[in-house]
Structure formats: C-alpha cells, structure tokens
Amino acid sequence: MAAILTEVRQSARRLLASSGYSAAVLATLSLGLALSVGMFTVLNGIVLNGLPYPDSARIVEFETINAAQDQDKGALTGAEAVALTATPAFEHAAWYIWGGETVLSGDRPREITTEYVSEGFFPTFGMPAQVGRWIGAGEFGPDASAVVLSDLEWQRLAKRDPAIVGRQLELASGTVTVVGVMPPEFAYPSRSVGMWRAIDMDWYRRDPAGSAAFATSRHLMGVGKLAAGVDAGRATRALDALSARVRATQGLHDDGWRIRFRSLLDITIGDVRGVLAGVFLVSLVVLAIACANVGALLAGRLAARESELAVFQALGATAGRVWRGVLFELVLLTALASAIAMLFLAVGLNAFRDSAAGILPRAGDITLDPGVFGFAVLLGLTCPLLVAVPFALRLRRRMSGNLRAGDKGTGTTATGALRLLPVAGLALATAALIAGSAVALSLDRLKNVDPGFAARELFAVQAYHQGGPDEWRRFAREVAARIAAEPDVAGVAVTTIAPLAPGGRYWIDAQLPGHDRPEAWQTVLERVSPGYLDVIGQALLFGRGFLPTDSASAAKVAIVNETFARRAFGTTDVVGQRIGLALRDGAREDFAIVGVSADIRNATIREAADSEILVPSVQVPWIGMTFLARAPRAGADLLDRMQNAVWAVDPREAITRAAATADDLDAQLAQTVFFTRMLGGFAVLAVLLAAFGTYSVVAFLQRRRIRETGIRLALGAEPLTVARRVLLQGIVLAACAGIAGSLAAVAVLRLLASELFGVDAGSPALYALGVGGALLAATAASVAPAWRAARVAPMEALRHE
C-alpha cells in the first residue's frame, strides 16, 4: 500500500510539472464524460428505469386499430370496455374519460382536470393512496360522487391537511366526497390531472338495445394489467375473440376494428426512445473523440520523455516501473476528470430537467442514482485507458529493448497508430455532423409546413358550460359578441376545440346513403359557428359555409373536408349528398352536405389531415366550446380580455384553457428544437475536439520531421510546397475519416428516424455536409503546423538534432 501511495505522489508531481499536458487531458476528458454520463442519466431516467408502479412491465394501454381506415390509435366503445373487465387474460382492466370539474378558488372559478374512471382503474396500477383509500367497488353507480385527489391538488385545496379525507367539495356539477389522495409519483394519464372521479358504470353495463352511439362511438380510453404468465400472443387472441363477441352481441358487421395493447412504458415515452438512444450515441461519439485526443496527447508526451526515460533506465529503473508510472498518471487524470464531470452534471442537472419539462416524457424522473454513478466510474476509467494503454505497452516493449538517448524509435514506430487517432476522431465528428444536420433540416421543414389555416393569428379560450342546449346556445352567443367587440379582434368563431390544441377530439362514425350499417371508418366531428372557416382562414372548395339561417329548427347541414369526401364517396364534389350521424342519445339524424373544405392539419403538423365533419354548433350544441378570435395585431392582454368576456357572462364559469394557437404550434416544434440544439451542440463539440486532435497529431508529426524539412528547404524546396505537404496530411486524414463517418451516420440516423420530418436519411447533401465539415476542420487544424513547417530555418533544423 505504501508503494502505491508513493507512486501516486510521484505521478501527481510529474503531472503538476507538466501543467499544460494535464490541463488539456482534464479539459478534454471532463467535457466528453460530462456529456456522455449526462445523456446516460437522461436515457436511464426516461427509458431504462421502469414506471413507479408495482409490476409496471405488465401494465398496458388498450387501443383500437382499423387498417381500412388507416387508424392505429382509436379509442374503445362502451361495449368493448365493459367486455374487457371480464377477460381472463388481464388481471385488471378499466376505462376512463377526460374531463374537468369547476371549483371556486379565490376571486375566480378554477377548473380541476378530472379523469372519470371505472372500477378497475386503481387496482391496475396497484399504488396505494398516501392518505385515505381508493374509490370502493360499490361507489361506481348512478350516484357516483367519490373522488381521489392528486398530491398537487391536495396542496391547493387543503395545504396537505389529512382531514381532507371524508370532506365534501362543492363543484359546479354538484357535491363530491374526497376518499383519498394519491402519492406524487402517481400521475396517470398525465401530471395535469388533479382529480379522479368514479364513473357511472351501471350506464355502460345496461343493455343499450338500438343505441348506435353506444355500439360504435369510440370515446373511452382503456388501461389494464396482463395476468401473470399470459404472453402477448395469448392476450391478442383473447382480444380478437372479445371483438367478435361484441360485434355479435351488438348486431354489427365486421367493420375492421380490432383491440390491441401496448406497454404503458412504450406509450409513455413514445418515439423518444430511439431519439434518446441516438443522442446518447452521439454523446459517446464526443467521448470517443476526447479519448482519441488523449491518446494523441499521450503519444506526444511519451515521445518527448524518451530521453528522460532512457536516463531512468540507465540509473536502474525497470521497464515495469516506468510503465506503471505512466498508467498511474492516466488513472489520476481520468479519476479527476470523472469527478469534475460529475460535479458539472450535479450542478447542471436541475437546469436541464427544467428545460426538458413539458418536452421530454418523464423529465421529472431524470435523477442521479447509483446506476448513473456506476456508469460514470466504468466509463471514466475504461474508455481513456483503452485508447492510452496501447501506447504505454509500446513504451514498455521499447524499454525492455533498452531505449537509447537520441533514438527516435518510439516516435517512428508509433506513427502509424498515431495517424489513426485523428482519422477516428474526424470520422466520428462526421457522423455527428450528419446527424445534427438531419435534425436541423427536419426542424426547418417543420417550420415551413403550411397547416392550412392562419395559425399565427388565432387566440383560443376553452370552457365547459353547464345548463343544457338552450343555455349552451345563449352562453356561446353572448360571449362571442363580447369578444367580437374588442378593438383588435378581426373575427370570432365558436368551435369544439381549437386547431392544434392538445387534448382529445370527438370521433364519430358516419353512415352513408344506401348503407344500413356504420362505415368502416370514423371521422373527427367539430361543432362550429357560422364564419368559422373565414375566421381560421380555411379554404372552402365547393358549396357554401354555414349561414345564420342554419338555425336550430332548420334542416341539418354539414361541411366535410377533402379527405372525408374522398374516402367516403371517392370524389371531392359531394355537395348535396347526405350522411347519418348519431349525436343525441344514439339517435341517428340525416345531415345534408352543403360544402367541402380544404384539409388542415388540425391535430399535429407532422401528420396529414384526418377526415373531418363540421356541423353548426347551434344545431348540435355541446357542453364544451372554444372561442376563437382572429387578431393579426393582437394586444398582449387579448387572452385576458377574452377570459373577462367569459366571466362577464357567467362569473362562476371556469376557464379550461387559454392559449394562442401560435404557442400550440411552437409547442409541437419544441421537441425537435430541443433535439436540434442538443445534437447541434454535440456536433460542434465533436468537430472542435476532432480538429484539436488533428492539430495535435499533425503538429507532432511536423516536429518529428523538422530535420527533413530543413534539409528540403536548404536544397531549394519552396516553402509553399512544404506547407502544402503538411496540409495534405490533414486533408488525407479527413478524406479517409469521411468515408468511415458516413457509414457510422447511417446507424445514428436510423435511431433518429422518428424525429426526422421531410428528410431523406440517404440524401447525398447530408453526407456531403458532414464530410465537408470534417475536411474544413482538418484543413483549419493543419494550417498552423503547415505555416511553421514553411518557416523552418535550415541551420536551426540541423541543430535541432
């Protein structure tokens, strides 16, 4: 132990004496380790760590798919949801509906985001309440009023007072009783949920004979837990049998809908798994380049110390002693670099987590845990040593053969391996540049997508108003009139939900003329006021828009979008056709198509338009409504004034959401912007580190050949020719690296595929950009050594030996 401590002290003294070398190695390694360990922390928190529920690997979400309709994320019908609860393949199964409840809080009413859940909901997750209990089995009837609060809502309503359990809350919809509070970790289906309320399961269990809405309306979200020992194949077969039974019971033909399930973790993290893996791979690229630079620095240091090491050997030092000293120096530097990297990570993690909130799923779960520390130690000690040990072993072999002062053997024998280091660094930098360029180009394409409406000029205020059809009509009319009176508002319309706004849309099946059963697809339904198309800037292709004469007592009319017309009728000129829609208690009514509108990207700018039907809100009013104001030159307080207009009509009305559509558009770009900045930053660092490594090696080789350079100049060689020769070394290195880096980029781009939009991963322009960047970096890094080579004085070069 004493010998080890002595070796450590001596290595530390040598490193302090070579402060430039030590600082360069520490800076390079600390940067590479901080980025790679940081990205592992992100990947670990979001992807590798399971969800915080018991047996979370068995928790699944149910979806319905229909290949004929090109639908893969449909909801459940009531009949399907009820049947799921009796399927042995699943230990628990439940369904829920998104909604909201209004409470008076302070000067203004406040809405609590609420999920209306069925009996098996909480047992599916198995996480006990931190205060009180779950909603009991007997509390899901017609008079269901039991609620469970989230931890955040408990703080808001009662400042975490345990006496909240058993207390009654007065809501706009009536009185409910708090029976429990869930822990902070429970945040399903999202962290915005403040309350879970029992649903009336008896209504869904009743035999809804003749109810087309019950049989085909897909509005329920499903969640469950696979029974122990049940594999995916068995569960899928059970769901297929369930679908067949439901169709037979409801008297439906096989319309193509099938129930499927996916892991809750897979759905929670979505497509970000591959993207995070790709970004993590790029961060390892940066670390690999840093390690290559360490190898280059070490090679230069060993070459510079050959005479010194030869003296040590002449004084009796063994080859093993010198070799151990070199390795001790490396271990000390890598350990210190790891500590610096973890310090940077600990300081910057909170800032990263805050910036990722709302952009990356499970951002709150990104923490420094023992697994991260273990990974940091493993990475910090192994990666640099893997690069550096070959040079140390070469030194040991040279010393075993007796180094002689003035012998340049180590430098010459190491030259071949030394050249590989900048090639590897430039190749990895090329791959990083290609990946960063692809995501940046995707962002540019997304920003230039035309959503089909005036996305940058709309402002939306959403509310759910109680009172029934006549009250809904009155409320919508009076609020819209007040908003229209604002001086900076150019137009006002009422709709179900604003374009691009988050949240579910209402889907309904459409029955076509001459068909006695619902069609094999469903469509989005929007209830809108006259002038809606003009307000949002959506084009009308055929027919007319809604008119004031399309009143509650007038014949039912509808406008369909281009996609619906083409799918349902095979043509876009369908004015005068009729469709049947089940909107009131399952009773199907005929609507005459009076117009065809252009498609808009209503839900997301990444995907093509869904089929869509617009109906007049005055003819088919609904509890949920969104007030849209078009204001090209809106004042900063327009949303506040729009909310005041709502409260002027009803002071007890809670605002569900108030936002500019431009903000929703930016939110859809946020993840791509986030990854573009991250990958762009990594790519820049990779190029800078690769350039530094190239400079180190080219400069080292130029110094090794200074005598040869002096002789060439003495014999009449032109300085420019000598400079070109040195520059050519860097360019050749970059050319070789470009080929290898392009091949590596193919694998990275596959991982990033879900984040790419409108970008061909095989585009020659991307690879040309990456290779060009590597060539530019290598050329720039070789300029200084080339300049020094051209200015070598022949006599000085001869004295150098």
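Residues numbered from 1 in each chain as written. Predicted model: local features only at pLDDT ≥ 70, side-chain atom pairs only at ≥ 80, totals over all residues. Heavy atoms only, no water.

Draft legend 1. Examining the overall build of the chain more closely. For the chain, the helix and strand inventory stands at 24 helices and 22 strands. When each of the 801 residues of the chain is scored for burial, the buried share is 53%. Residue pairs in contact within the chain that sit at least 24 positions apart in sequence constitute 81% of those at least 6 positions apart. Element-wise, carbon and sulfur atoms account for 58% of the exposed surface of the chain, whose accessible area totals about 33,800 Å². (Helix = DSSP H or I, 4+ residues; strand = E, 2+ residues; numbered from the N terminus. Buried < 20%, exposed > 50% of the residue type's maximum accessible area, 1.4 Å probe, protein only. Contact = heavy atoms within 4.5 Å. Areas by Shrake-Rupley, 256 points an atom, 1.4 Å probe, with all protein chains shown as cover.)

Draft legend 2. Structural view of the side chain of Thr-523. Here Thr-523 is to be found in strand S15 (residues 522-528). When its relative accessible area of 0% is taken as the criterion, Thr-523 is described as buried. Within the structure, Thr-523 has its side chain in polar contact with the backbone oxygen of Ser-611 (distance 2.9 Å). There is a polar contact of 3.2 Å between the side chain of Thr-523 and the backbone nitrogen of Glu-612. (Polar contact = N/O pair within 3.5 Å; in protein donor to acceptor, adjacent residues only side chain to side chain.)

Draft legend 3. Layout of the packing of aromatic side chains. Under the definition given, this model contains 26 aromatic pairs. Lying across the ring of Tyr-506, Arg-527 places its NZ or CZ 5.4 Å from the centre. (Phe/Tyr/Trp six-rings, centres within 6.5 Å; stacked < 30°, edge-to-face > 60°. Lys NZ or Arg CZ within 6 Å of the ring centre and 35° of its normal.)

Draft legend 4. Structural detail: the sheet that holds strand S13 (residues 491-495). Pairing within the open sheet is antiparallel, and its four strands lie in the order S13-S21-S12-S22. The open sheet terminates on both sides in strands that have one partner only, identified here as S13 and strand S22 (655-660). The mean inter-strand angle of the sheet, taken between neighbouring strand axes irrespective of direction, is 15 degrees. Sitting on the sheet, helix H16 (residues 469-484) touches S13 and strand S21 (624-630), and the angle it makes with S21 is about 20 degrees. Contacts from helix H20 (residues 661-704) reach strand S12 (458-464) and S22, with the element oriented near 80 degrees to S22. (Pairing = 2+ DSSP bridges. Axes fitted to C-alpha atoms, helices over the stretch in contact; angles between N-to-C directions.)

Draft legend 5. How the structure looks around the pattern of salt bridges. Under the defined criterion, the tally for this structure stands at 24 salt bridges. Salt-bridge contacts for Arg-262 lead to Glu-63; the nearest nitrogen and oxygen are separated by 3.1 Å. One end of the pair, Arg-262, is in strand S11 (residues 258-263); the other, Glu-63, is in strand S1 (residues 59-66), with 199 residues separating them in the sequence. With relative accessibility at 34%, the residue Arg-262 sits in the partly exposed group. By relative accessible area, Glu-63 is classed as buried at 11%. Arg-167 serves as the salt-bridge partner of Asp-161, at 3.9 Å between the closest nitrogen and oxygen. The partly exposed category is assigned to Arg-167, whose relative accessible area is 34%. (Salt bridge = Lys/Arg side-chain N within 4 Å of Asp/Glu carboxyl O.)

Draft legend 6. Molecular detail of the pairing of strand S6 (residues 146-149). Burial along S6 is two-sided: the face carrying Ala-146 and Val-148 and the face carrying Val-147 and Leu-149 are both buried. Pairing of S6 with strand S8 (residues 174-181) involves four bridges; the strand directions are parallel. Bridge pairing in S8 links Ala-146 to Thr-177.

Draft legend 7. Expanded view of the pairing of S15. With seven of seven residues buried, S15 is to be regarded as a mostly interior element. Bridge count for strand S14 (residues 507-511) against S15 is three bridges, and the pairing is antiparallel. Following the sheet pairing, Ile-508 is matched in S15 by Thr-523. Bridge analysis of S15 against strand S20 (residues 612-616) gives five bridges, and the strand direction is parallel. Within S20, the position partnered with Arg-527 by the bridge is Val-615.

Draft legend 8. Local environment of the packing of helix H22 (residues 719-751) against helix H23 (residues 764-790). At a minimum axis distance of 7 Å, the contact between H22 and H23 shows a crossing angle of 155 degrees. One element, H22, and the other, H23, form an angle in the roughly antiparallel class. Taken as a pair, H22 and H23 cross one another with a handedness that is right-handed. Within the contact of H22 with H23, the residues separate by chemical class into 21 nonpolar, five polar and no charged. (Parallel < 35°, antiparallel > 145°, perpendicular 65-115°, else oblique. Left-handed = near helix turned anticlockwise from the far one by under 90°. Nonpolar A, V, L, I, M, F, W, Y, C, P; charged D, E, K, R; others polar.)

Draft legend 9. Representation of the nonpolar core. Grouped together as the largest cluster of nonpolar side chains are 143 residues, with contacts concentrated most on Phe-62, Phe-121 and Phe-186. What Phe-186 contacts, discounting residues up to four positions off in sequence, is Tyr-53, Phe-121, Phe-122, Phe-125, Met-127 and Trp-196. Formed by 29 residues, the second largest nonpolar core is a distinct cluster that contains Val-528, Tyr-532, Leu-533 and Phe-546. (Core = buried A, V, L, I, M, F, W, Y, C linked by side-chain atoms within 4.5 Å.)

Draft legend 10. Molecular detail of unusual backbone geometry. In this model, Tyr-188 is joined to Pro-189 through a cis peptide bond whose omega is 0 degrees. By the element assignment, Pro-189 lies in the loop between S8 and strand S9 (195-198). Positive phi, close to 70 degrees, is recorded for Leu-500, a residue that is not glycine. Take Leu-500: it is sitting in the loop between S13 and S14. Its relative accessible area of 2% is what places Leu-500 among the buried residues.

Draft legend 11. Local environment of the confidence of the model for the chain. With 87% of its residues at a pLDDT of 70 or more, the chain has an overall mean of 84. The secondary structure element of the chain with the lowest average pLDDT is helix H14 (residues 409-413), at 44, and the one with the highest is strand S17 (residues 557-561), at 97. Within the model, pLDDT remains below 50 along residues 403-414, and this stretch shows 23 contacts once partners closer than five positions in the same chain are excluded. (pLDDT = per-residue confidence, 0-100.)

Draft legend 12. Up close: H20. In this model H20 runs 64 Å from its N-terminal to its C-terminal C-alpha over 44 residues, within 8% of the 64 Å that 1.5 Å per residue would give. The axis of H20 is deflected most strongly, by about 40 degrees, at Leu-669. (Expected span 1.5 Å × (residues − 1). Bend = angle between axes of the 7 residues up to and from the residue.)

Draft legend 13. Spatial organisation of the packing of H16 against helix H19 (residues 638-649). The N-to-C vectors of H16 and H19 enclose an angle of 135 degrees; their axes lie 9 Å apart at closest approach. As far as their axial angle goes, H19 and H16 are oblique. The handedness of the crossing between H16 and H19 comes out as right-handed. From H16, Arg-474, Phe-475, Glu-478, Val-479, Arg-482 and Ile-483 reach across to H19, where they touch Met-642, Ala-645, Val-646, Ala-648 and Val-649. Tallied by class, the residues present in the contact of H16 with H19 amount to eight nonpolar, no polar and three charged.

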